[in-house]
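Results of the structural survey
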Amino acid sequence: MRLLRQLNFIEVLAMPVALMAPTAGMALNTPFAAATAGTRVPLIFVLSTLGIACVGVGFIRLTRRFNDAGSVYGITKAAIGPRYGFMAGWCLALVYVTFVGTLLAGFATFANLPLSDLFNFTVPWPLLLLGGGIVVWAMGYRNIKLSARTFMICEGVSIALMFVRSEEHTSE
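Below, the structure is looked at part by part.

Some details on helix H6 (residues 125-141)
Taking 1.5 Å of rise per residue, 17 residues should cover 24 Å, and H6 covers 24 Å from first to last C-alpha, within 8% of that figure. Listing the buried residues of H6 in full gives Leu128, Gly132 and Met139. For H6, the buried positions fall inside an angular range of 35° around the axis, keeping them on one side. Among the exposed residues of H6, those pointing more than 90 degrees away from its buried face are Leu127, Leu130, Trp137, Gly140 and Tyr141.

What follows is the structure in structure tokens.
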């Protein structure tokens, strides 16, 4: 099987940025952080960024010494032994399984908000969860370009909407 280069540089950058969902993080995390930390929220974001940067540097250094396609499992196995690599692999599999379910459940919950506000009706959450799952599967099954471009458009629209909302708040 030969791997083909299908994405340009911008599309490659769009994938991890969209998967990190910076607008969702800002929209969903900031109010909770502000409720507990008050005016220290920017400091908390800076410290969190430094912590994540340290994890990233750790991965960079480990991948220079241990070249393995097994991601966290392979690096952990090479660095501290097969028992911990086995545990890391299963933990990562558990994260992947629960992460998808959690995201779909969140989609099902939040998708009903605009439906109820704009059209005055709601859809049962299991139907929305199933519909979201089908869309995710279809996008994963099709060409990766479709996913990358959809990510870029959705994240771009989200950022634009956050700017609009922040301007509305500052003008009040």
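What about helix H1 (residues 9-20)?
When the terminal C-alpha atoms of H1 are compared, their 18 Å separation across 12 residues agrees well with the 16 Å that a helix rising 1.5 Å per residue should span. The distance from a side-chain oxygen at the start of H1 to the backbone nitrogen of Ile10 is 3.1 Å, and the residue carrying that oxygen is Asn8. Just downstream of H1 lies Ala21, where phi reads positive at about 50°.

Here we look at the pattern of salt bridges
A complete count under the given rule lists two salt bridges for this structure. Here Glu11 ties to Lys145 by a salt bridge, and the two come within 2.9 Å at their closest N and O atoms. A residue pair is termed long-range when its members are at least 10 positions apart, and Glu11 in helix H1 and Lys145 in helix H7 (residues 144-171) qualify at 134 residues. On the accessibility criterion, Lys145 (23% relative accessible area) is partly exposed. For Arg149, the salt bridge is made with Glu11, and the minimal N-O distance between the two is 2.9 Å. One end of the pair, Arg149, is in helix H7; the other, Glu11, is in helix H1, and 138 residues separate them in sequence. Three or more residues are tied together by salt bridges with common partners; here these are Glu11, Lys145 and Arg149.

A few points about the side chain of Thr76
For Thr76, the position within the fold is in helix H4 (residues 71-80). For Thr76, the residues in contact, after removing those within four places along its chain, are Gly81, Tyr84, Gly85 and Ala88.

Some remarks on a nonpolar patch on the surface
Judged by side-chain polarity, Ile80, Tyr84, Phe86, Met87 and Trp90 come together as a nonpolar surface patch covering roughly 610 Å² of accessible area. It is helix H5 (residues 82-119) that contributes the most residues to the nonpolar patch, four residues altogether. Its place among the elements puts Ile80 in helix H4. Of the residues examined, Ile80 reaches a relative accessible area of 55% and is grouped as exposed.

Remarks on the packing of H4 against H5
It is the contact of H4 with H5, at a shortest axis distance of 7 Å, that shows an interaxial angle of 165°. The orientation of H4 with respect to H5, classified from their angle, is roughly antiparallel. Relative to H5, the crossing made by H4 is right-handed. The residues of H5 that touch H4, namely those facing Ser71, Val72, Tyr73, Thr76, Lys77 and Ile80, are Pro82, Tyr84, Gly85, Phe86, Ala88, Gly89 and Leu92. Classifying every residue of the contact of H4 with H5 by side-chain character gives eight nonpolar, four polar and one charged.

Things to note about the packing of aromatic side chains
Enumeration over the complete set of coordinates arrives at three aromatic pairs. Relative to Trp90, the ring of Phe86 has its centre 6.4 Å away and its plane inclined at 65°; by these criteria the two rings are edge-to-face. You can see Phe86 and its partner Trp90 sitting in helix H5, four residues apart, about one turn around the helix. Pair check on accessibility: Phe86 and Trp90 agree, each one exposed. Residues Phe119 and Phe121 carry aromatic rings whose centres are separated by 6.3 Å and whose planes lie at 40° to one another, so their mutual orientation is tilted.

Definitions and limits used
Residues numbered from 1 in each chain as written. Predicted model: local features only at pLDDT ≥ 70, side-chain atom pairs only at ≥ 80, totals over all residues. Heavy atoms only, no water. Helix = DSSP H or I, 4+ residues; strand = E, 2+ residues; numbered from the N terminus. Expected span 1.5 Å × (residues − 1). Buried < 20%, exposed > 50% of the residue type's maximum accessible area, 1.4 Å probe, protein only. Arc of directions from axis to C-beta. Polar contact = N/O pair within 3.5 Å; in protein donor to acceptor, adjacent residues only side chain to side chain. Salt bridge = Lys/Arg side-chain N within 4 Å of Asp/Glu carboxyl O. Contact = heavy atoms within 4.5 Å. Patch = residues over 30% accessible without salt bridge, like charges linked within 9 Å, V, L, I, M, F, W, Y side chains within 5 Å. Areas by Shrake-Rupley, 256 points an atom, 1.4 Å probe, with all protein chains shown as cover. Axes fitted to C-alpha atoms, helices over the stretch in contact; angles between N-to-C directions. Parallel < 35°, antiparallel > 145°, perpendicular 65-115°, else oblique. Left-handed = near helix turned anticlockwise from the far one by under 90°. Nonpolar A, V, L, I, M, F, W, Y, C, P; charged D, E, K, R; others polar. Phe/Tyr/Trp six-rings, centres within 6.5 Å; stacked < 30°, edge-to-face > 60°.

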